[in-house]
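Residues per chain are reported as follows:
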Amino acid sequence: MEIRSVKGSDYYAISPLINEWWGGRQMSDRLPKLFFDHFTNTSFIAEKEGNIVGFLIGILSQSQPDEAYIHFVGVHPEYRKNDIGRQLYNQFFDVVNQNGRNVVRCVTSPVNKSSIAYHTKMGFEMEEGDTFIDGVSVHTNYDGHNQDRVLFMKQLSMN
């Protein structure tokens, strides 16, 4: 497997896969092409035998000089549990460290139990929200009306 930086043309390969990889959930509109054009240094594609099997779209915060943010991550359903996500995250963590950042944040939906479990397993801490849903601390209306989110933070050790 090879991990490389994204390029603008990857958008056209990944965008049609997103809803399929998310089991039919409408998710593709959450990842516009601008991420593939403007965050190529912090976003990665995992390929196996020329096929895209995973991706991570991340950014270095412009407002918080010690922070970075993971916007979107996907692994092909047939390739999950093969350490692809961990390798993508570690690639991002390396770039974050190289840029003098030591905090990584990300957000997920309370219905995405696998994402919550995965981020916890990867060492992310759940940020305290204002309510609990199914035992999970949630920030109500974080992304708008009825758009509750679970917020995560991971402190990286500086190299």
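Parameters and conventions
Residues numbered from 1 in each chain as written. Predicted model: local features only at pLDDT ≥ 70, side-chain atom pairs only at ≥ 80, totals over all residues. Heavy atoms only, no water. Helix = DSSP H or I, 4+ residues; strand = E, 2+ residues; numbered from the N terminus. Rg over C-alpha atoms; globule rule 2.2 N^0.38 Å. Buried < 20%, exposed > 50% of the residue type's maximum accessible area, 1.4 Å probe, protein only. Contact = heavy atoms within 4.5 Å. Areas by Shrake-Rupley, 256 points an atom, 1.4 Å probe, with all protein chains shown as cover. Salt bridge = Lys/Arg side-chain N within 4 Å of Asp/Glu carboxyl O. Pairing = 2+ DSSP bridges. Axes fitted to C-alpha atoms, helices over the stretch in contact; angles between N-to-C directions. Polar contact = N/O pair within 3.5 Å; in protein donor to acceptor, adjacent residues only side chain to side chain. Core = buried A, V, L, I, M, F, W, Y, C linked by side-chain atoms within 4.5 Å.

Caption draft 1: Representation of the overall build of the chain within the structure. A tally of helices and strands in the chain yields four helices and nine strands. When the helices and strands of the chain are placed in sequence order, the string is β-α-α-β-β-β-α-β-α-β-β-β-β. Since a compact globule built from 159 residues should have a radius of gyration of about 15 Å, the 15 Å found for the chain is in line with a globular shape. Overall, the C-alpha framework of the chain stretches about 45 × 40 × 30 Å when taken along its three principal axes. Out of the 159 residues in the chain, the part that is buried amounts to 47%. For the chain, long-range pairs separated by at least 24 residues make up 61% of all intrachain contacts whose partners lie at least 6 apart in sequence. Counting every atom, the chain has about 8,600 Å² of accessible surface; 45% of that belongs to carbon and sulfur.

Caption draft 2: Representation of the pattern of salt bridges. Per the counting criterion, the structure on display carries eight salt bridges. Between R4 and E47 there is a salt bridge, with its nearest N and O atoms 3.2 Å apart. On the criterion of sequence distance, the pair formed by R4 in strand β1 (residues 2–5) and E47 in strand β2 (residues 43–48) is long-range, its members being 43 residues apart. Taken as a pair, R4 and E47 share a single burial class, namely buried. In this structure, the salt-bridge partner of R105 is E67, at a minimum N-O distance of 2.8 Å. Within this pair, whereas R105 is found in strand β5 (residues 103–108), its partner E67 is found in strand β4 (residues 67–75), the two being separated by 38 residues in sequence. E67 gets classed as buried once you look at its relative accessible area, which sits at 13%. Because the salt bridges share partners, they merge into one network encompassing R4, D10 and E47.

Caption draft 3: Up close: the sheet that holds β2. With respect to topology, seven strands assemble into an open sheet ordered β1-β2-β3-β4-β5-β9-β6, the strand pairing being mixed. The sheet is open, and its two edges are formed by β1 and β6 (125–126), each paired on a single side. Direction of pairing for β1 relative to β2: antiparallel, over a ladder of four bridges. Looking at the pairing, S5 lines up with F44 of β2. Where helix α1 (residues 10–21) meets the sheet, it contacts β1, β2, β3 (51–60) and β4, and its direction lies at approximately 100° from that of β3. Sitting on the sheet, helix α4 (residues 113–121) touches β5, β6 and β9 (150–155), and the angle it makes with β9 is about 15°.

Caption draft 4: Broad picture of the side chain of H139. For H139, the location among the structural elements is in the loop between β8 (136–138) and β9. On the basis of relative accessible area, H139 is assigned to the buried category, the value being 18%. Among the polar contacts made by the side chain of H139, one reaches the main-chain carbonyl oxygen of E128 at a distance of 3.3 Å. Among all residues touching H139, those that are not within four sequence positions of it are E127, E128, G129, D130, D148, R149 and L151.

Caption draft 5: Just the nonpolar core, in detail. Counting 25 residues, the largest nonpolar core has I70, Y89, F92, F93, V96, V104 and F124 as its most contacted members. When contributions to this core are tallied by element, the ones reaching two or more residues are β2, β3, β4, α3 (84–98), β5, β8 and β9. In terms of residues, this core owes the most to one element, α3, which gives seven residues. Dropping the residues within four chain positions of it, F93 is found in contact with I70, V104, M122, F124, K154 and L156.

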